[in-house]
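# Structural description and commentary
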Amino acid sequence: MTLLGYERRIIGTALLAVIPLAAAALLLAWTGDFPEIVFWTIVLLAAISLIVVTWAMREVIVYPLRTLVNVVSAMREEDYTTRAREAADGTIFGDLMLELNELSAAMRQRHLAVLEAAALVRAVMAEVDAAIFAFDASSRLELVNRAGERLLGQSLLGRTASELGLDELLALEEAATVEWRGARWSVRVSTFRREGETHRLLVIADISRALRQEEIRAWQRVVRVLGHELNNSLAPIKSIAGSLEEAVEASSLEPPLQASLTRGLGVISRRADALARFLSGYSELARLPEPTLRDVDLGAVVRRAVMLDSRVVVEEGPRVRIEADEDQLEQVIINLLKNALDAGGPVTVTWHLDGDAVELAVRDEGPGLPATANLFVPFFTTKPGGSGIGLVLSRQIAEAHGGTLVLRNRDDRAGCEATLRLPRT
């Protein structure tokens, strides 16, 4: 029943109680022997009574009810600022309005608490490194954080787990560590209920980077220990070898013996120098400083790096600026170009935007990679005379900038493609 219908019933009921009395008074005045002024006075009083009763019903019952309806309607619309007046006059309606105001204030506090909690959850989800995906009962994506968008790209909401390539991960029944997209990931799947339906929460964390950081720290400790111990021995070895070589040359030994000794001591001295240079190169892994970030034009850095060799072709990408350590970034690009040039064939470098990141690709047309498992292992190299630290150092710099470095064989032709992905400003 609407309030208007209820209002009519109240007023009608009150009039039914008054009309008989007014009709009786009019009947008596009409049939009685009264002056005409008395008759019209009774008529006037009866009309006033009806008007007063109608006004009283509206003022005492209907208008307070309308106030209550407005307050409840505002609460339904999540507007908790509307308050009922006359909420403390001691009447039943006053008490009801007072309780309703208290209820509105309590709901407002709870509503604010829910909003603050939701904002906190969104802030945490946005800042956490793990990719978080929430799927509804039909496996459609309802919620994703920034890490998830960086992982899979844009326009994710509303797509199914199958379309996103997450159906196998979402089907896991317990926490697991899996190989996925060329890295190791920790995967957790849990359920929650929303509006009576079961939803699933998928959390994917890349543990490869953490493992690599621990690996690098271990290699750094090894390099520091080896460097300290070997350098303490190499310096006197080289000094003694040099002194002996001078003594042999000044001696009166038989020429064949003298030449043999000189040759052997020269080998010792040269190998001591080579080992010292070897250790000096590896010590870069232990001494790499934290990047000093500033606004950098990526195109300008690339063009400056390729000036070192005219065989590199630059395919200009869009103008893009990133927060980076310019010297370290240039060193990474030089390392990638040097590897590509050593592989053989034409070398091209280009870059393009991908969401909130920029991807720089260095492509060669050499024989490609026989295996990728050991590419980023310190001391591992497939090139004669190589040190095995260039790629390790490059990936370390990329990850210090919040990016990644991936090497893979090309799909379109023979050769390798190195992809450097960095966040852009």
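Here we summarise the structure given alongside this text. Nothing here was measured: the structure is a model prediction, and the numbers come from that model.

Time to look at the overall build of the chain. Within the chain one finds eleven helices and twelve strands. Counting all 425 residues of the chain, 35% fall into the buried class. The contacts of the chain with a sequence gap of at least 6 include a subset with a gap of at least 24, amounting to 56%. Approximately 25800 Å² of the chain is accessible, and the part contributed by carbon and sulfur atoms is 58%.

In this section: unusual backbone geometry. The phi dihedral of Glu78 is positive, around 65 degrees, even though this residue is not glycine. Along the chain, Glu78 turns up in the loop between helix H2 (36–76) and helix H3 (92–127). A positive phi is found at Ser139, a non-glycine position, where the angle reads about 65 degrees. In this fold, Ser139 is placed in the loop between strand S1 (131–135) and strand S2 (141–144).

Turning next to the nonpolar core. Counting residues in each nonpolar core, the largest one holds 34 residues, and the members touching the most others are Leu298, Leu329, Leu337 and Leu360. Every element with two or more residues in this core is listed here: helix H9 (298–306), strand S8 (321–324), helix H10 (326–343), strand S9 (347–354), strand S10 (357–363), helix H11 (390–400), strand S11 (404–409) and strand S12 (416–423). Examining the composition of this core, we find that seven residues originate from one element, H10, more than from any other. With near-sequence residues (within four places) excluded, Leu329 lies in contact with Leu298, Val301, Ile322, Ala324, Leu420 and Leu422. Judged by nonpolar contacts, the second largest core, of 20 residues, contains Leu141, Leu151, Val178 and Trp185.

What follows concerns the packing of H10 against H11. The contact between H10 and H11 brings their axes to 9 Å, and the two run at 145 degrees. Between H10 and H11 the crossing geometry is left-handed. Counting all contacts with H10, which are made through Gln328, Val332, Asn335, Leu336 and Asn339, the residues of H11 involved are Gly390, Leu391, Ser394 and Ile397. Along the lines of polarity and charge, the residues of the contact of H10 with H11 split into four nonpolar, five polar and no charged.

Time to look at the pairing of S1. Across the five residues that make up S1, a large majority, five, are buried. Residues of S1 alternate between two faces, with Ala131, Phe133 and Phe135 on one and Ile132 and Ala134 on the opposite face, all of them buried. Of the pairings in the sheet, the one linking S1 to strand S5 (residues 197–206) comprises five bridges and is antiparallel in character. Within S5, the position partnered with Phe135 by the bridge is Arg200. Relative to S2, S1 runs antiparallel, the two being bridged by three bridges. Counted as the bridge partner of Phe133 is Val144 from S2. With antiparallel pairing between neighbouring strands as the criterion, S1 and S2 make up a hairpin whose turn holds five residues, including Ser139 at a positive phi of roughly 65 degrees.

On to the sheet that holds strand S4 (residues 183–194). Taken in spatial order, the five strands of this open sheet run S2-S1-S5-S4-S3, and their pairing is antiparallel. Only two strands of the sheet have a single neighbouring strand rather than two, namely S2 and strand S3 (176–180). Direction aside, neighbouring strands of the sheet carry axes that sit 30 degrees apart on average. The sheet contact formed by S4 and S5 spans ten bridges and is antiparallel. The residue of S5 that forms the bridge with Val189 is Leu202.

The side-chain alternation of S8 yields one buried face, formed by Ile322 and Ala324, and one unburied face, formed by Arg321 and Glu323. Where strand S6 (residues 294–297) lies against S8, four bridges are found, and the strand directions are antiparallel. Note on S8: the bridge partner recorded for Asp295 is Glu323.

This part covers the pattern of salt bridges. Under the criterion given, the structure shown has 16 salt bridges. Here Glu77 makes a salt bridge to Arg76, at a shortest N to O gap of 3.2 Å. Arg76 carries the same exposure label as Glu77, and that label is exposed. Among the ionic pairs, Arg321 bridges to Asp295, the shortest N-O distance being 2.4 Å. Of this pair, Arg321 sits in strand S8 while Asp295 sits in strand S6; the two residues are 26 residues apart in sequence, bridging distant segments of the chain. Residue Arg321 is classed as partly exposed on the basis of its relative accessible area, which comes to 31%.

Procedures and definitions
Residues numbered from 1 in each chain as written. Predicted model: local features only at pLDDT ≥ 70, side-chain atom pairs only at ≥ 80, totals over all residues. Heavy atoms only, no water. Helix = DSSP H or I, 4+ residues; strand = E, 2+ residues; numbered from the N terminus. Buried < 20%, exposed > 50% of the residue type's maximum accessible area, 1.4 Å probe, protein only. Contact = heavy atoms within 4.5 Å. Areas by Shrake-Rupley, 256 points an atom, 1.4 Å probe, with all protein chains shown as cover. Core = buried A, V, L, I, M, F, W, Y, C linked by side-chain atoms within 4.5 Å. Axes fitted to C-alpha atoms, helices over the stretch in contact; angles between N-to-C directions. Left-handed = near helix turned anticlockwise from the far one by under 90°. Nonpolar A, V, L, I, M, F, W, Y, C, P; charged D, E, K, R; others polar. Pairing = 2+ DSSP bridges. Salt bridge = Lys/Arg side-chain N within 4 Å of Asp/Glu carboxyl O.

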